[in-house]
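# What the coordinates show
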Amino acid sequence: MAIKKNSGRQELIAAHLTIGFADITTYGAAEAAFDLPGNAVLAGGDVTVLTPWNSATTATLKLGDAADDDRYTAAAIDLKTAGRTALTLTGHKHQVAEELKALVAQTGAAATAGTARITILYFVEGRAAFSQG
């Protein structure tokens, strides 16, 4: 038996979301951030803190799903520091359509400033936009 090539090809699908300190409905509760189709697998992404949160003590973000609130962030991302943090890729395939959720938490006096952009790149197993070979 030989390896069977898969001639199906697709581009990575990119989605992004910019959130601000005032966009959070309830700090400490996971909120819907992205809708993923069934068979989606994240292949890249990051969180970029554009304007640091100015909450008094801490401000963090986790990105995950209903089963694992930090599936894509090995550790909570510090929102009080400007910069880019790559997502932790797990190879997890979302068997059914589901939401990715962002959980933003803060301690101390509430933030009055802060903006971050979350970007995800994914492909869908079994989907092909064109063929090669």
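In the block above lies the structure referred to throughout.
Worth saying up front: this structure is predicted, and the values here are computed from it rather than measured.

To continue, consider the overall build of the chain. Tallying secondary structure elements over the chain gives zero helices and eleven strands in all. For the chain, the α and β elements follow one another from N to C terminus as β-β-β-β-β-β-β-β-β-β-β. By its C-alpha atoms, the chain is 65 × 25 × 25 Å across when sized along the principal axes. Relative to all contacts within the chain whose residues are 6 or more apart in sequence, the contacts with residues 24 or more apart total 82%. Just so you have it, the chain exposes about 7300 Å², and 53% of that area is on carbon and sulfur atoms. Treating the 11 positive side-chain charges of the chain as one cloud and the 13 negative ones as another, the clouds have centres 9 Å apart.

The subject of this paragraph is the sheet that holds strand β5 (residues 58–64). In space, the four strands of this open sheet follow the order β3-β9-β5-β6, with antiparallel pairing throughout. Both edges of this open sheet fall to β3 (30–36) and β6 (77–78), since each of them pairs with a single strand only. Sheet topology places β5 next to β6; two bridges connect them, and they run antiparallel. By the bridge assignment for β6, T60 is matched with D78.

Here the focus is unusual backbone geometry. Trans is the prevailing form of peptide bonds, just as negative phi is the prevailing case for residues other than glycine. For N39, which is not glycine, the phi dihedral falls at a positive 70°. Mapping N39 onto the fold places it in the loop between β3 and β4 (40–51).

Cut-offs and rules
- Residues numbered from 1 in each chain as written.
- Predicted model: local features only at pLDDT ≥ 70, side-chain atom pairs only at ≥ 80, totals over all residues.
- Heavy atoms only, no water.
- Helix = DSSP H or I, 4+ residues; strand = E, 2+ residues; numbered from the N terminus.
- Contact = heavy atoms within 4.5 Å.
- Areas by Shrake-Rupley, 256 points an atom, 1.4 Å probe, with all protein chains shown as cover.
- Lys, Arg positive; Asp, Glu negative; His and termini not counted.
- Charge placed at Lys NZ, Arg CZ, Asp CG, Glu CD.
- Pairing = 2+ DSSP bridges.

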